[in-house]
Structures are given as C-alpha cells and as structure tokens.
Amino acid sequence: MSNSFRPAEATIADEIAVQGYAIIPDFLSASEIAALANDLRALQQSGEMRGAGVGKDAEVTNNVRGDFIHWLEESFASPAQQAYLQRLENLRQAFNRTLYLGLFEFEGHFASYPPGAFYRKHLDQFQHDSQRALTCILYLNDAWQESDGGQLRMYLDDQDDTLYRDIQPQGGTLVTFLSARYWHEVLPARRERLSITGWFRTRAAQSAI
Ligand code: OGA
Ligand code: MN
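Residues numbered from 1 in each chain as written. Chains lettered and ligands numbered in written order. Predicted model: local features only at pLDDT ≥ 70, side-chain atom pairs only at ≥ 80, totals over all residues. Heavy atoms only, no water.

Q: Residue-level account of the site of ligand 1, with values.
A: With respect to spatial proximity, the complete set of residues near ligand 1 consists of Tyr119, His122, Asp124, Ile137, Tyr139, Leu152, His184, Val186, Arg193, Thr197 and Trp199. Within the side chain of histidine 122, an N or O atom sits 3.1 Å from an oxygen atom of ligand 1. Computed on the free molecule, ligand 1 has an accessible area of 290 Å², of which 99% lies beneath the protein chains in the complex. Within the residue set of the shell around ligand 1, elements represented by two or more residues are strand 5 (119-122), strand 6 (132-139), strand 10 (184-186) and strand 11 (193-202). (Near = heavy atom within 4 Å. Polar contact = N/O pair within 3.5 Å; in protein donor to acceptor, adjacent residues only side chain to side chain. Areas by Shrake-Rupley, 256 points an atom, 1.4 Å probe, with all protein chains shown as cover. Helix = DSSP H or I, 4+ residues; strand = E, 2+ residues; numbered from the N terminus.)

This is the structure we're talking about:
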C-alpha cells in the first residue's frame, strides 16, 4: 500500500509506539493557527488568562512556571477550537486503535509566556495527576527564530541531563509524548510565546477522583 498520504494521526501513533514521542510540523494550517492565536489574544484582552501560579500552591509555583493559562471548555469553544478538539479526537482514536492506551478524555489550556517566563524541568504525570498519559502541545507562534529562545527542552534519558532535544515553538508544530516518561522544561523566551497544552487521560482518572 502506498504511504504517499498518511494522516498525521497515524504517523504520530507509530512514533509514540516506537520512541514515546512525536514532533509534527504543520499539524494545523497557518490559518487555523492564526485563528487559535486570535482566540488567545481575545482571552488576554478580556482578562481571562490567569497566572498559572495563582492558587493554593502559588508560592511554589511562581518559582517554577511563569505562564498564564485559560482552560479550554467544549461548550465555549470557537470554531477554530472545535476543529482542533476534533483533530485531537481523531488522534485519541488512532492511539486507542494501535497503542491500547485506553485514553479517555482530553483536558487542555491556552498558555502564554511573557518574555522571560519559563517552566522549570518537570514531569507532567506526577505533578498534578497520575492519570495524564499523553501530553500534546500545539504552538501558535509566527516565524519563531532560534534566537527567540523559548525552546521546549525534552530530556531523552532521565538518568542523563546532557541528553536532550530542543524543540522550537513554531506555529503549527504539535509535540506529543508519554507524560510519565519525559522530563521537560520551557526555556525563557525573548518574545511572548503562545501554545495550547493538554493531556489525554486514562479512564481510571474518573474513578480515582
Ligand atoms: C506544560 C509544559 C511545554 C511547552 O504546560 O506542562 O510543559 O512547550 N509546556 O509549552
Ligand atoms: Mn509539562
């Protein structure tokens, strides 16, 4: 069978199976990314992006991460957000067909990092929720340059800090990885850095809460 056209979802599922992560440039088109970035800007203007460190563990969190977030809600989703959520639903089905991960639901938020903000090295799964199985990050930045900083640094070996891969937060790029396996951090950026970060959770989360 020809592989000249394969949905990105199938490629991602294969790469997750082989190496536990996948980096896909142009998962969404430039116009889809622009629409999502506009949604984020509207949330900023209406004061709906909140410091991720605000909350009961604010003191700890402020040294850890400097981003502002807004959780996606299906019932308030714009057409652009609905389209992205549908792509993620396709991805969830592709994973469940081939990887038997038993992914059940997606939770995600817009994130904006002001210049200088960072997110220190962490593991998504144990920090907040042990049922986060797969992390998905979509970047919304136009013409990102290496000199802008803000790379996602993915540590490839939890025993060796010198082995890592730096990923540019280029608009349209989707990064997915097994939440329990990969430590990662966001390096400080010189310009504002926009994304949608989310997690597929396993069904066990529902009964555990
Ligand atoms: C997170 C995270 C990485 C990124 O929000 O947990 O690690 O590149 N984000 O935005
Ligand atoms: Mn993370």
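We are not done yet, so read on.
Q: Outline helix 1 (residues 8-19), supporting the account with residue identities and numerical values.
A: Turn by turn, an α-helix covers 3.6 residues, leaving residues three or four places apart pointing in a common direction. With 12 residues, helix 1 extends 16 Å between its outermost C-alpha atoms, agreeing within 8% with the 16 Å of an ideal straight helix rising 1.5 Å per residue. The complete set of buried residues in helix 1 reads Glu9, Ile12, Ala13 and Ile16. Along the long axis of helix 1, the arc covered by the buried residues comes to 100°, so they all point the same way. If you follow the buried residues of helix 1, they end up packed against strand 1 (21-24), helix 4 (79-98), strand 6 and strand 9 (174-178). Immediately beyond the C-terminal end of helix 1, within one or two residues, lies glycine 20, with a positive phi of roughly 85°. (Expected span 1.5 Å × (residues − 1). Buried < 20%, exposed > 50% of the residue type's maximum accessible area, 1.4 Å probe, protein only. Arc of directions from axis to C-beta. Contact = heavy atoms within 4.5 Å.)

Q: Explain the packing of aromatic side chains to me, and be specific about the residues and the numbers.
A: For the structure shown, the criterion picks out 6 aromatic pairs. Measuring from ring centre to ring centre gives 6.4 Å for tryptophan 71 and tryptophan 199, while their planes differ by 40°; the resulting arrangement is tilted. Of the two residues, tryptophan 71 is situated in strand 3 (residues 68-71) and tryptophan 199 in strand 11; the sequence distance between them amounts to 128 residues. Of the aromatic side chains, those joined through ring pairs into one cluster are Tyr21, Phe177 and Tyr182. Residue placement shows arginine 87 over the ring face of phenylalanine 27; its charged tip is 4.1 Å from the ring centre. (Phe/Tyr/Trp six-rings, centres within 6.5 Å; stacked < 30°, edge-to-face > 60°. Lys NZ or Arg CZ within 6 Å of the ring centre and 35° of its normal.)

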